[in-house]
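Observations on the three-dimensional arrangement
Listed below, chain by chain, are the residues.
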Amino acid sequence: MSQASRTRPSGSSTALNEAYDTALLDLDGVVYAGGHAIVHAVESLGEARDGGMHLAYVTNNALRPPTAVAEHLTELGVPAEPADVITSAQAVARLMADQLPAGARVLVVGGEGLRVALRERGLVPVESADDEPAAVAQGYGGPDMTWGRFAEAAYAIARGVPWFASNTDLTIPSARGIAPGNGAAVEVVRIATGAEPQVAGKPLPPMHRETVLRTGAERPLVVGDRLDTDIEGAFNGGVDSLLVLTGVTDAAQLVAAEPKHRPTYVDADLRGLLTGQPEVVRAGDGFGCGGWTASVRGGDLVLEGDGDVLDGLRALCGAAWSYAGDGSCRLDAGKAVARLGL
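Just so it is clear, the structure is predicted and the values come from calculations on it, not from any experiment.

Quick notes on the rules
Residues numbered from 1 in each chain as written. Predicted model: local features only at pLDDT ≥ 70, side-chain atom pairs only at ≥ 80, totals over all residues. Heavy atoms only, no water. Pairing = 2+ DSSP bridges. Helix = DSSP H or I, 4+ residues; strand = E, 2+ residues; numbered from the N terminus. Axes fitted to C-alpha atoms, helices over the stretch in contact; angles between N-to-C directions. Parallel < 35°, antiparallel > 145°, perpendicular 65-115°, else oblique. Left-handed = near helix turned anticlockwise from the far one by under 90°. Contact = heavy atoms within 4.5 Å. Nonpolar A, V, L, I, M, F, W, Y, C, P; charged D, E, K, R; others polar.

1. Remarks on the pairing of strand β10 (residues 171-174)
The pairing of β10 with strand β11 (residues 177-180) spans 4 bridges and is antiparallel. Directly across from I172, in β11, lies its bridge partner A179. Hairpin remark: β10 followed by β11, antiparallel, with 2 residues in the connecting loop.

Here it is, written out as structure tokens:
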């Protein structure tokens, strides 16, 4: 089923780690949250890798360089090499290198990951708007980023310097909950300057280009927790996707998703890589999956049956997405989702 016409989650009679050669995995909210692995992530990734699936870690978080990310993954029990990690810092550095002369100075508002990526592309990180930068690069700088860094960016941009952002995720999952992401910091600079940055990260084409160049994937499966970055990025790239419910997106948001935010598959966590996916089928005036049937009656989403709650969610998506067509489903899914305990 094409991305544009998806009116229900797809089924797969084959385990996903066998149907696809490469998993393009988001990190925050999928593999880990803060410094801790998400439940079932380590063993699921190990089994997928042992079965021959290539694992690549694709993150919009530009804070740490690939070496640090790979070390963190390995410490968590997920062996990884720096070459397995693709970051939005790398994507924005390539985007900038395509537009700036070699050796150009770049004012960095972000962490070490962004500085490393810029150096790899022959650009020179600087710290002040008075260092005559040719551009500004902004990426997630972590909770200790000082307000003065945003001021330096604003000073440089006000002088006519082009502005680039690694990504615009408004939030980021952490071990303690949902925290402001780089997108929130970008908004601070946007308000101060009235300017618009060129953005590289998911869901935009520069990130997809960077990922394809670095992985060489032939049958990739994007795995993520966010509809507006991971799933939309897969949509834009014309590849399949798996949404896991371990991060930002909840069941109600999934049911309401517009076409570009509708994943091919949905599962609770990364164990979904190791199984097939049940088919969502037409059932009378609604859609069925497992022991559940979902339909629209009198302007309400109605869910009937019992069984695996994820099958119920898949059936609800079928009914809601079909009803909404090319738009977002505005029906209240609260009662139906509450019945699933999600």
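2. As for the packing of helix α4 (residues 88-97) against helix α5 (residues 112-120)
One way to put it is that α4 packs onto α5 with a least axis distance of 8 Å and a crossing angle of 40°. By the angle between their directions, the pair α4 and α5 is classed as oblique. Viewed along their axes, α4 and α5 form a crossing whose handedness is right-handed. In this structure, α4 contributes A89, Q90, V92, A93 and M96 to the contact, and α5 contributes G113, L114, A117 and L118.

3. Quick word on the packing of α4 against helix α8 (residues 205-215)
Orientation of α4 relative to α8, taken along the N-to-C sense of each, is 105°, at an axis distance of 9 Å. The angle between α4 and α8 falls in the class roughly perpendicular. Within the contact between the two elements, α4 uses S88, Q90, A91, R94 and L95 and α8 uses P206, M207, R209, E210, L213 and R214. Considering only residue class, the contact of α4 with α8 consists of 5 nonpolar, 2 polar and 4 charged.

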